[in-house]
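Structural features, examined
For reference, the chains in residue letters:
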Number of protein chains: 2
Amino acid sequence: MKIGELAKRSGLSTHTIRYYERIGLLPVADRDAGGRRDYDAEILAWIEFLDRLKTTGMPIRDMLRYAALRAAGDATMAARREQLEAHRDAVRARVAELQACLLVLDTKIDGYVEAEERMQTHEHDTRNTGRDAAE
Amino acid sequence: MKIGELAKRSGLSTHTIRYYERIGLLPVADRDAGGRRDYDAEILAWIEFLDRLKTTGMPIRDMLRYAALRAAGDATMAARREQLEAHRDAVRARVAELQACLLVLDTKIDGYVEAEERMQTHEHDTRNTGRDAAE
DNA sequence: CTAGGGGTTCGAGCGCACTCCAAGTCAAGC
DNA sequence: GCTTGACTTGGAGTGCGCTCGAACCCCTAG
């Protein structure tokens, strides 16, 4: 698979793929006869996983750490597990934080709804659209 | 309240407070005789709310829009409500996305746990620590 | 044989949200 | 009166994660 194809399938731009390779997030790609990058389908699963990490807010430097551990082989499994566990905990905390904020947002929105209803009720006071102002 | 005091109470740095004022997120502060900013305690509630918006991922340009509507008075209540509703929906979607990622993370972690157990079980194969290797 | 549409590199530029620096002013305590 | 420390301004710098541009190369179809 060429880089353009991989871009289509992974959702990353070719620029981003090369950037990720440059910084070490993606392995250095094999090249074809003409010197172009040629990817194995297997890379897609890794990109997808990186995307999960990104989606959940892991900074690139941490992904790099994970990628480095992974590249170092089986001996680093425990370290990788620990890193993912720590990240999972952080994500859970983030979810809790967002949920707390959602409550506040809901309350705020309710406040607006009520205020709007009050304005509706007393509309004739300022806009003379009630029956009092007919004609 | 001076800017340093507000910084302490709000958790923002004085730099950030001035920056927020510059871009219009905070109202232009009143000044004391010496030309220093002097804040009313009421500003804290607004900063706290801004902080919720920030925490939930609202970009500053959207907060500016909200702040502008707010400054424009009661006539913009419906627009503000709509903006908050849209934001709330986005936050909910984000929470759902994070929760989906959490499932993937959990699965991945479980995979590591199992792999580590397998290594433990077959440890003697490579490290000769089982009873087979006693002596 | 030529045009097009990939691909390559390197380095610069961008948008966001701060964060900091320099140089100066001002008020209060010793 | 002098020091200390918080305040003022404007503008530059930072860190992150891309994103783009320029100039070039190479394969394939017409």
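Quick note: structure is the one above.
Residues numbered from 1 in each chain as written. Chains lettered and ligands numbered in written order. Predicted model: local features only at pLDDT ≥ 70, side-chain atom pairs only at ≥ 80, totals over all residues. Heavy atoms only, no water.

Details of the overall build of chain A
Secondary structure assignment for chain A yields six helices and two strands. Secondary structure elements of chain A, listed N to C terminal, follow the sequence α-α-β-β-α-α-α-α. Taking 2.2 N^0.38 as the reference for a compact globule, 135 residues should give roughly 14 Å; the C-alpha atoms of chain A span a radius of gyration of 27 Å, well beyond that estimate. Dimensions of chain A, computed from C-alpha atoms along their principal axes, come out at roughly 85 × 40 × 20 Å. Expressed as a percentage of the 135 residues in chain A, the buried residues total 34%. In chain A, 43% of the contacts between residues at least 6 apart in sequence involve partners at least 24 apart. Entry remark: accessible area of chain A is about 8400 Å², with carbon and sulfur atoms responsible for 48%. The average position of the 22 basic charges and that of the 24 acidic charges among the side chains of chain A differ by 9 Å. (Helix = DSSP H or I, 4+ residues; strand = E, 2+ residues; numbered from the N terminus. Rg over C-alpha atoms; globule rule 2.2 N^0.38 Å. Buried < 20%, exposed > 50% of the residue type's maximum accessible area, 1.4 Å probe, protein only. Contact = heavy atoms within 4.5 Å. Areas by Shrake-Rupley, 256 points an atom, 1.4 Å probe, with all protein chains shown as cover. Lys, Arg positive; Asp, Glu negative; His and termini not counted. Charge placed at Lys NZ, Arg CZ, Asp CG, Glu CD.)

What to know about the protein's contact with DNA strand C
Around DNA strand C, 19 residues are found, and the nearest of them are Gly4, Arg18, Arg36 and Arg37 of chain A together with Tyr20 of chain B. Within 4 Å of the protein, the contacting atoms of DNA strand C are drawn from sugar and phosphate to the extent of 71%. Separating a phosphate oxygen of DNA strand C from a side-chain N or O atom of tyrosine 20 of chain B is a distance of 2.6 Å. For the surface near DNA strand C, the secondary-structure elements that each account for two or more residues are helix H1 (3-10) of chain A together with helix H2 (14-23) and helix H4 (60-71) of chain B. In terms of residues, the surface near DNA strand C owes the most to one element, H2 of chain B, which gives five residues. (Near = heavy atom within 4 Å. Polar contact = N/O pair within 3.5 Å; in protein donor to acceptor, adjacent residues only side chain to side chain.)

Quick look at the protein's contact with DNA strand D
The environment of DNA strand D is made up of 19 residues, and the closest members are Tyr20 of chain A together with Gly4, Arg18, Arg31 and Arg37 of chain B. The sugar and phosphate moieties of DNA strand D supply 70% of its atoms located within 4 Å of the protein. Between DNA strand D and arginine 36 of chain A, the relevant distance is 3.3 Å, taken from a base oxygen to a side-chain nitrogen or oxygen of the residue. Within the side chain of arginine 18 of chain B, one N or O atom sits 2.5 Å away from a phosphate oxygen of DNA strand D. Looking at the surface near DNA strand D, the elements that each hand over two or more residues are helix H2 (14-23) and helix H4 (60-71) of chain A together with helix H1 (3-10) of chain B. Per-element tally for the surface near DNA strand D: the top contributor is H2 of chain A, with five residues. Tallied by class, residues from the surface near DNA strand D come to five nonpolar, five polar and nine charged. (Nonpolar A, V, L, I, M, F, W, Y, C, P; charged D, E, K, R; others polar.)

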